[in-house]
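# An overview of the molecular structure
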Amino acid sequence: MEKLRAVSAVTRYAFYPQSRIDEHGRAFRAGYGLVNRDARYRWSHRRFGFPVELKLANAAARRLRGFL
């Protein structure tokens, strides 16, 4: 089940539409750029184990919801 969540998070961050990203502020775009780069690497190399950075990004998104 954890691997399925990791694959879901990777696809969400790697393939999110650019038009939706542009709707957000500069802080969101900067943070998303970092997570996106990592997600694309994970997707291309099929490395879905131990997604610490994805968990941190999800936690930050939940915490900052409404501020970005």
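Residues numbered from 1 in each chain as written. Predicted model: local features only at pLDDT ≥ 70, side-chain atom pairs only at ≥ 80, totals over all residues. Heavy atoms only, no water.

## Details of the side chain of N36
Position of N36 relative to the elements: it lies in helix 3 (residues 26–45). Overall, N36 belongs to the buried group, its relative accessible area being 15%. A polar atom in the side chain of N36 sits 2.8 Å from the backbone oxygen of Y13. Discounting chain neighbours no more than four positions away, the residues touching N36 are Y13 and A14. (Helix = DSSP H or I, 4+ residues; strand = E, 2+ residues; numbered from the N terminus. Buried < 20%, exposed > 50% of the residue type's maximum accessible area, 1.4 Å probe, protein only. Polar contact = N/O pair within 3.5 Å; in protein donor to acceptor, adjacent residues only side chain to side chain. Contact = heavy atoms within 4.5 Å.)

## Quick word on the environment of G33
By the element assignment, G33 lies in helix 3. C-alpha of G33 to C-alpha of Y13: the two residues are 20 residues apart in sequence and 9.2 Å apart in space.

## Side note on the side chain of R42
With respect to the element layout, R42 can be found in helix 3. On the basis of relative accessible area, R42 is assigned to the buried category, the value being 9%. Dropping the residues within four chain positions of it, R42 is found in contact with V10, R47, F48, G49, F50, P51, V52, E53 and L54.

## A short note on a nonpolar patch on the surface
On the surface, F50, V52 and L56 cluster together to form a nonpolar patch covering roughly 340 Å² of accessible area. Checked against the element boundaries, V52 lands in helix 4 (residues 52–64). (Patch = residues over 30% accessible without salt bridge, like charges linked within 9 Å, V, L, I, M, F, W, Y side chains within 5 Å. Areas by Shrake-Rupley, 256 points an atom, 1.4 Å probe, with all protein chains shown as cover. Salt bridge = Lys/Arg side-chain N within 4 Å of Asp/Glu carboxyl O.)

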